[in-house]
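# Observations on the model geometry
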Amino acid sequence: MSLGSRTRMWLRAVFRRRDAEREMQREMDSHVAMEQERLESTRLSPNEAHRRAMITFGGVERYKEAVRDEQGTRILGELSMDLHYALRQFRHHPGFAIAVVGVFSLGIGANTAMFTLVNTVLVSPLPYAEPDRLVFLTNGTAGTSAPDFLDFRARNTLFSSLALWGSSQATLSGGFDPEEVTSLDVSADFLATVGVRSVIGRDFSPEEEANPRTAVILSNALWLRRYGGDRTIVWHNIVIDGRGTEVVGIAPPELDRNLTADIYRPFDFHAPHATVRAYRTQPVVARLRPGVSLPSAQAAMNIVENQLGTVYPEDANRTIRLQPYHETVVGGARSQLLYLLAAVVVVLLIACGNIVSLMFTRATARQGEFATRVALGASRARLVQQLVTESTLLAIVGGAIGFLLATALLRALQLNAVTALPRMAELGLNPASFVFTALLSLAAGTIVGAASAWRATASTLHPALTGGGRSSHSRGSTRTREVVVALQLAASLVLLASASVLLESFWRLAHVNPGFDDSGVLTGTVFIPAERYSIFRAVDWWTTALPQLAVIPHVTGVSAASQIPLAPGGNASYVPAGTATGPGIHQPTALINVVAERYFETMRIPILSGTGFSKEGAAGQFVETVISQSIAKKLSLFGAVIGQRMIFPDFGGFTGEVVGVAGDVRADLGREAPDIIYFPLKQMRGWARNMHLLVRTDGDPLALVPQIRRLVAQRDPLLAFGRVRTMSDIIGHSVARQRL
């Protein structure tokens, strides 16, 4: 028989089983009838001829089984019978079935959720064109300065393109209430470098990079939320920071998933901070040319960096490292996710151990049934097959419920860990999750069923027919249960020890002193555009607005700062006056925070020594400087801290004079407090455009939002109070990041 004929026969036997069985029965009956006719021709009665024909034929069912074996469909028939029998068993014992399905659903659901999370974050490629060609430029702890980027782009030989970006704030108005939005300021060809295309419109051109406030690309989310997906908005002007700006494109939704931005604008390479080569805060991503390897690009970058180091002292002894952009996005989440995945696998193993115990106990109670089937000719393998079918059916039902449970788990994770893990916007069940759940359900059901069934049918079942089944299995059953319990106990102890360590670290994290009092503090930003406010007017806006906010009922403190605690900020180098400076000499760095009056009182950060900033602001040649306690310990090596002078090379080399020492404030609850230097807003006027408002109240902080927005609108209808959060929420997110 040809392969095609055998295939057609098998397909017919599988999908038209009843027809195939009827045809086989007719064929068997025809053989018996022919033999009966032959015997009747020898003058036997019809009944006797039929009896002898059946004896000669040797049993119809035996030949049917031989045909099924030849067709390869016997196992399907047995499986069908096993499934029907299993369903009858579960109807008679619903409590057992529900318990096993519940344990399976919890274990499989947790593993499906973790698999989906790990697959999305660590395995799936970024949603960009040829993401393996994207690399990130880093010097280990910071980004790149704008002047360095321009030099990299001018000397580029191995990249298709490079893109730089930086974050800023803007106020969107015109036709709607003013809204403060986050702007991602990017270099030309940013979309092309990342590997996406505008839904409508185009990327920024070099001409728009030279005139950075003339064009804007809207994020997909903002376009849908504020403009209702109106396609005619492209090539029309919208009002940003009080001036008309042409919309040249709509960003694709995949760009919103990994970048936090409402709008995209050309990077302003003429801004004051963008002209400082040592101000390395801008991320830079590059796209490798086709066929260029990462080691080759790294070698070329080393040559460029050495060339720049001979021209610019700021670049001396500095190495730019290229790393895959996917690795940059994932960050430190890899090890954390793998630990969590291992933990839920252990949970599944414990669940399977529990199910083995339940299945084994149930199989032991069915010894009489098994003994009867053995007496009727069933083999041990056939009994094991029946029990494996039952456990697999329960595992499949548990897997289906677990798949639904994984949906809820992932949704909860998105809501609570969106800022703690990367690529959360991409998270969701997908075909890979479904395949994983199906395979895991089949594997778990098969292994659990085989483990329990093999031991339950290990010894002879004959004593069960005479009532001695319990004693015949007592020793083997006890030994098996002891092994299963020991394995469960070992796995549980591992999880318990890990959970104890995590709980202890979480407790310590939750009780870390951040260096300030977060209770009742509301924070938000007010961006003051340069197009309508000079530096002096921007400072004046804050100095007059803060007293007005202070008289709102239940407000107990008001101030403003360029950076809030537990949020990333910019570093700057400093040198104690009188110490050696120059290329190759290490210069310490510190976080810079420019603050308004009463900042320390509002945040309840203690001034440990000195007087703090003078109320009117120093008018002398030195900038008043308050340093954190960690810096004071270092400066104490040079004598009395108060009155010491510090030089800041990154800010044109101006000199600051220490007037106070403040308590340490953490930028990350999981790390030691960083060095922080505070300057008064009245002397650092250039920082006044993008400040964080800080309001302390003895009531609900969020209840103040309408009043604050009303006051801001009264002072200037085109300004907005946005990015509103409470400091308690910020601390909660910081704890969540460390916990995950």
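In the block above lies the structure referred to throughout.
These figures come from a predicted structure and were not determined experimentally.

This part is about the pattern of salt bridges. Under the defined criterion, the tally for this structure stands at 18 salt bridges. In this structure, the salt-bridge partner of Glu 48 is Arg 51, at a minimum N-O distance of 2.5 Å. Of this pair, Glu 48 and Arg 51 both sit in helix α3 (residues 46-57), three residues apart, which is roughly one turn of the helix. Across the pair Arg 277 and Asp 148 runs a salt bridge whose closest N-O atoms are separated by 2.5 Å. With Arg 277 in the loop between β8 (263-266) and β9 (284-288) and Asp 148 in helix α7 (residues 146-154), this residue pair connects regions lying 129 residues apart in the sequence. The class for Asp 148 is buried, based on a relative accessible area of 0%. Salt bridges linked by common partners bring Glu 48, Arg 51 and Arg 52 together as one network.

For the structure on display, the rule yields four cavities of 30 Å³ or more. Along the walls of the largest cavity sit 16 residues, with Gln 563, Ile 564, Leu 591, Asn 593 and Ile 676 positioned nearest its centre. Those elements giving two or more residues to the lining of the largest cavity turn out to be β15 (589-595) and β20 (676-680). Per-element accounting of the lining of the largest cavity gives the leading share, three residues, to β15. Residue composition of the lining of the largest cavity, grouped by class: 11 nonpolar, four polar and one charged.

Our next topic: the nonpolar core. By size, the foremost hydrophobic cluster in this structure holds 47 residues, and its most contacted members are Trp 541, Trp 542, Ile 627, Ile 677, Phe 679, Leu 693 and Ile 708. At seven residues, helix α20 (residues 535-550) tops the list of elements feeding residues into this core. Filtering out sequence-adjacent residues up to four positions away, Phe 679 remains in contact with Ile 592, Asn 593, Val 594, Val 595, Phe 613, Val 623, Glu 624, Thr 625, Phe 648, Phe 654 and Met 684. Residues Trp 165, Val 186, Ala 251 and Leu 259 belong to the second largest nonpolar core, which totals 24 residues.

Let us look at the packing of aromatic side chains. The final tally for this structure, using the stated rule, is 15 aromatic pairs. Ring geometry for Phe 403 versus Phe 434: centroids 6.0 Å apart, planes at 85 degrees, classification edge-to-face. Separated by 31 residues along the polypeptide, Phe 403 in helix α16 (residues 380-416) and Phe 434 in helix α17 (residues 431-456) bring together distant segments of the chain. The exposed category is assigned to Phe 434, whose relative accessible area is 53%. By way of ring pairs, the aromatic residues Tyr 599, Phe 600, Phe 613 and Tyr 678 are connected into one cluster. It is Arg 277 that lies over the ring of Tyr 312; its NZ or CZ is 3.4 Å from the centre. Its guanidinium or amino end placed over the ring of Trp 541, Arg 715 lies 5.1 Å from that ring's centre, counting from NZ or CZ.

Let us now look at the environment of Asn 593. Tracing the sequence through the fold places Asn 593 in strand β15. Sequence-distant contacts of Asn 593, that is, excluding residues within four places in its chain, are made with Ala 561, Ser 562, Gln 563, Tyr 599, Ile 676, Ile 677, Tyr 678 and Phe 679. Among the polar contacts made by the side chain of Asn 593, one reaches the main-chain amide nitrogen of Gln 563 at a distance of 3.0 Å.

Attention shifts here to helix α6 (residues 94-123). Along an α-helix, residues three or four apart share an orientation, since each turn contains 3.6 residues. Its 30 residues give α6 an end-to-end C-alpha distance of 41 Å, which sits within 8% of 44 Å, the value for a rise of 1.5 Å per residue. Summarising burial for α6: 21 of the 30 residues are buried, a large majority.

With that settled, consider the layout of surface pockets. Empty space among the atoms can be located by rolling a probe the size of a water molecule over them. If you add up the space inside the second largest pocket, you get close to 540 Å³. Taken together, 24 residues form the lining of the second largest pocket, with Ala 596, Glu 597, Arg 598, Tyr 599 and Glu 601 sitting closest to its centre. Those elements that provide at least two residues to the lining of the second largest pocket are α20, β12 (555-561) and α21 (599-603). Examining the composition of the lining of the second largest pocket, we find that five residues originate from one element, α20, more than from any other.

This brings us to the environment of Thr 214. Assignment of secondary structure puts Thr 214 in the loop between α9 (206-210) and β5 (215-218). As a C-alpha pair, Thr 214 and Thr 245 span 31 residues in sequence and 5.1 Å in three-dimensional space. Contacts of Thr 214, omitting those with residues within four sequence positions, involve Glu 208, Thr 245 and Glu 246. Within the structure, Thr 214 has its side chain in polar contact with the backbone oxygen of Asn 211 (distance 2.8 Å).

What counts and how
- Residues numbered from 1 in each chain as written.
- Predicted model: local features only at pLDDT ≥ 70, side-chain atom pairs only at ≥ 80, totals over all residues.
- Heavy atoms only, no water.
- Salt bridge = Lys/Arg side-chain N within 4 Å of Asp/Glu carboxyl O.
- Helix = DSSP H or I, 4+ residues; strand = E, 2+ residues; numbered from the N terminus.
- Buried < 20%, exposed > 50% of the residue type's maximum accessible area, 1.4 Å probe, protein only.
- 1 Å grid on protein atoms, 1.4 Å probe; cavity = no way out; pocket = protein on both sides within 12 Å on 5 of 7 lines; lining within 4 Å.
- Points joined across faces, edges and corners; volume = space filled by probe spheres on them.
- Nonpolar A, V, L, I, M, F, W, Y, C, P; charged D, E, K, R; others polar.
- Core = buried A, V, L, I, M, F, W, Y, C linked by side-chain atoms within 4.5 Å.
- Contact = heavy atoms within 4.5 Å.
- Phe/Tyr/Trp six-rings, centres within 6.5 Å; stacked < 30°, edge-to-face > 60°.
- Lys NZ or Arg CZ within 6 Å of the ring centre and 35° of its normal.
- Polar contact = N/O pair within 3.5 Å; in protein donor to acceptor, adjacent residues only side chain to side chain.
- Expected span 1.5 Å × (residues − 1).

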